[in-house]
Amino acid sequence: MDTRQRRASGRPRGFDADEALERALLVFWEHGYEGASLATLTHAMGISATSMYAAFGNKEELFRKALERYTEGPSAYLARALDEPTALGVATAVVTGVVRTTTRPTGPHGCLGVHAALVAGEAGRGVRDVLVAWRDDGYSRLRERFRSAVDDGDLPPGADPALLARYVTTLAYGIAVQAASGVGRDELQGVADAALRGWPLLDR
């Protein structure tokens, strides 16, 4: 096989890896990890299975890259929220970001990190572990941010950073599940607002 033939059997002409990864992200976001078949992925990406393996590796590796893209894109509200000047501002920015991201007018509803976690087969163990680590990272970053808020006097001395971080992440994931079920943005924003009226939760 000459060079031209080898190139043709790899990436097709006009192949855009960035665009293909974005399309794969949307498939995983809509169908979850196990629900996203190889045929569905390659069809959405506009490439052959051979090209997908050559550019992204296997399905799990493709998912990892899609999750990175999701973290840096639709889920980037968390990183921005951590820069809010107050703990309440952080919590508000997180849940508002979740509401907006999971109820977009176009594209999948819900959260990739929640929807894709619903994998049952042995083949999905690696993805489950990746998503557990992904969610734990978000929780840990919030906990450390709230700990700093206690140290700075922004939160009362009796506030429990770990409890607050768990409260916010549980609220966020609950919103994502409701959004995936079709609950609308206004209703979910109302839920988020109501949930934060008693901020902060104190260690009772």
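Residues numbered from 1 in each chain as written. Predicted model: local features only at pLDDT ≥ 70, side-chain atom pairs only at ≥ 80, totals over all residues. Heavy atoms only, no water.

J.: What am I meant to see in the overall build of the protein here?
T.: Tallying secondary structure elements over the protein gives 11 helices and 0 strands in all. Counted from the first residue to the last, the protein has its helices and strands arranged as α-α-α-α-α-α-α-α-α-α-α. Considering the protein as a whole, with its 204 residues, one finds that 40% of them fall into the buried category. Expressed as a percentage of contacts within the protein between residues at least 6 apart in sequence, the contacts between residues at least 24 apart total 67%. (Helix = DSSP H or I, 4+ residues; strand = E, 2+ residues; numbered from the N terminus. Buried < 20%, exposed > 50% of the residue type's maximum accessible area, 1.4 Å probe, protein only. Contact = heavy atoms within 4.5 Å.)

J.: It is not clear to me how the packing of helix α2 (residues 17-35) against helix α5 (residues 59-72) should be interpreted in this structure. Could you clarify?
T.: For any two helices packed against each other, the geometry is given by the interaxial angle and the distance between the axes. Between α2 and α5, the least distance of the axes is 9 Å, while the angle of their chain directions is 100 degrees. Put simply, α2 runs roughly perpendicular to α5. Facing Asp 18, Leu 21, Glu 22, Ala 24, Leu 25, Phe 28, Trp 29, Tyr 33 and Glu 34 of α2, the residues of α5 in contact are Lys 59, Glu 60, Leu 62, Phe 63, Lys 65, Ala 66, Arg 69 and Tyr 70. Broken down by class, the residue content of the contact of α2 with α5 amounts to 10 nonpolar, no polar and 7 charged. (Axes fitted to C-alpha atoms, helices over the stretch in contact; angles between N-to-C directions. Parallel < 35°, antiparallel > 145°, perpendicular 65-115°, else oblique. Nonpolar A, V, L, I, M, F, W, Y, C, P; charged D, E, K, R; others polar.)

J.: Looking at this model, I keep getting lost on α2. Mind explaining?
T.: The α-helix winds at 3.6 residues per turn, so residues separated by three or four positions along the chain end up facing the same way. Here α2 spans only 22 Å end to end across 19 residues, well under the 27 Å set by a 1.5 Å rise per residue. Within α2, the full set of buried residues consists of Ala 20, Leu 21, Ala 24, Leu 25, Val 27, Phe 28, Trp 29, Gly 32 and Tyr 33. Along its buried surface, α2 packs onto α3 (38-45), α4 (49-56), α5, α7 (87-102), α8 (112-115) and α9 (125-151). (Expected span 1.5 Å × (residues − 1).)

J.: How should the packing of aromatic side chains be read in this particular structure?
T.: The relative placement of two aromatic rings is captured by the distance of their centres and the angle of their planes. For the coordinates displayed, the defined rule picks out 6 aromatic pairs. Taking the centre distance of 6.0 Å and the plane angle of 15 degrees together, the rings of Phe 28 and Tyr 33 count as stacked. Here Phe 28 falls in the buried class, since its relative accessible area comes to 0%. Ring centres of Tyr 33 and Phe 63 lie 5.5 Å apart, and the angle between their planes is 75 degrees; this geometry places the pair in the edge-to-face category. With Tyr 33 in helix α2 and Phe 63 in helix α5, the pair connects residues that are 30 residues apart, well separated along the chain. Of the two residues, Tyr 33 and Phe 63, neither departs from the other in class, the shared state being buried. Ring-pair connections join several aromatic residues into one group, and the members of that group are Phe 28, Tyr 33 and Phe 63. Sitting over the face of the ring of Tyr 33, Lys 59 holds its NZ or CZ atom 4.5 Å from the ring centroid. A cation over an aromatic ring shows up here: Arg 166 above the ring of Tyr 139, its NZ or CZ 3.7 Å from the ring centre. (Phe/Tyr/Trp six-rings, centres within 6.5 Å; stacked < 30°, edge-to-face > 60°. Lys NZ or Arg CZ within 6 Å of the ring centre and 35° of its normal.)

Keep in mind these values describe shape, not function.
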